[in-house]
Amino acid sequence: MISPLLANIYLHWFEKLFARRDGPGTWAKAQLVRYADDFVVLARYQSRRLIDWIEGTLEGRFGLTVNREKTRIVKLRQPGESLTFLGFTLRYDRDRFGRGRRYLNVFPSAKAQARARERLRELTGPQRNFVPITVMVNDVNRWLGGWGNDFRHGDPSAVFTQLN
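The structure reproduced in this document is the subject of the present report. Nothing here was measured: the structure is a model prediction, and the numbers come from that model.

With respect to the nonpolar core
With 15 residues, the main nonpolar core has Phe-14, Phe-18, Val-41, Trp-53, Ile-54, Leu-58 and Phe-62 as its most contacted residues. Beyond its immediate stretch of four places on either side in the chain, Phe-14 contacts Leu-32, Phe-39, Trp-53, Ile-54, Thr-57, Leu-58 and Phe-62. By size, the runner-up hydrophobic cluster in this structure holds 13 residues, among which are Ala-116, Leu-123, Val-140 and Leu-163.

So this is what it looks like as structure tokens:
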């Protein structure tokens, strides 16, 4: 296992190679979305050449090991497929107004929702019996405001309703 700091340094150079004229950013018209030691490659077509380039560069050139359990190819346009990245789930859903198209829905992941419920339990649970109610309400409102700002992207209204 490599530390996240070292992985981030390696992935910086991986990103540079990816975006070069002879890299997949050009010939596969792929996009690399990266945060610290985690990344997603977005491409309309996941060719064998693209997969080989990614694996070969990470494992061959940099000597890193690709986590095969976490690594997968997702075709988001297929019904039922979704991608979870950085606490968000991305999924194509039917149009809410009954039109014949689908839209990319972005909402907090199940794991992010579970953490939010747990945090609310901590803020309102029996261990806080002796905290004045006004302080408790202020703490909950402050935390919910921050969480809501973090996850306001996309269409999180159903998740926000459940959390409320």
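So, the packing of aromatic side chains
Summed over all chains, the structure comprises nine aromatic pairs. Each ring, one from Phe-14 and one from Trp-53, has its centre 5.5 Å from the other, and the planes form 40°; the classification is tilted. Linking Phe-14 in helix 1 (residues 4–19) with Trp-53 in helix 3 (residues 48–61), this pair joins segments that are 39 residues apart in sequence. Residues Phe-14 and Trp-53 agree in their burial class; the two are buried. Linked through ring pairs, Phe-88, Trp-143, Trp-147, Phe-151 and Phe-160 together constitute an aromatic cluster. Its end group placed over the ring of Trp-27, Arg-49 keeps NZ or CZ at 3.7 Å from the ring centre.

Section: the side chain of Asp-95
Residue placement: Asp-95 occurs in the loop between strand 4 (88–94) and strand 5 (102–108). We classify Asp-95 as buried; its relative accessible area is 13%. Residues in contact with Asp-95, not counting those within four places in the same chain, are Arg-101, Arg-102 and Tyr-103.

Brief notes about the side chain of Thr-57
Within the secondary structure, Thr-57 sits in helix 3. Since its relative accessible area comes to 9%, Thr-57 is described here as buried. Ignoring sequence-local partners within four residues, the contact set of Thr-57 consists of Phe-14, Leu-17 and Phe-62.

Thresholds, definitions, all that
Residues numbered from 1 in each chain as written. Predicted model: local features only at pLDDT ≥ 70, side-chain atom pairs only at ≥ 80, totals over all residues. Heavy atoms only, no water. Core = buried A, V, L, I, M, F, W, Y, C linked by side-chain atoms within 4.5 Å. Buried < 20%, exposed > 50% of the residue type's maximum accessible area, 1.4 Å probe, protein only. Contact = heavy atoms within 4.5 Å. Phe/Tyr/Trp six-rings, centres within 6.5 Å; stacked < 30°, edge-to-face > 60°. Helix = DSSP H or I, 4+ residues; strand = E, 2+ residues; numbered from the N terminus. Lys NZ or Arg CZ within 6 Å of the ring centre and 35° of its normal.

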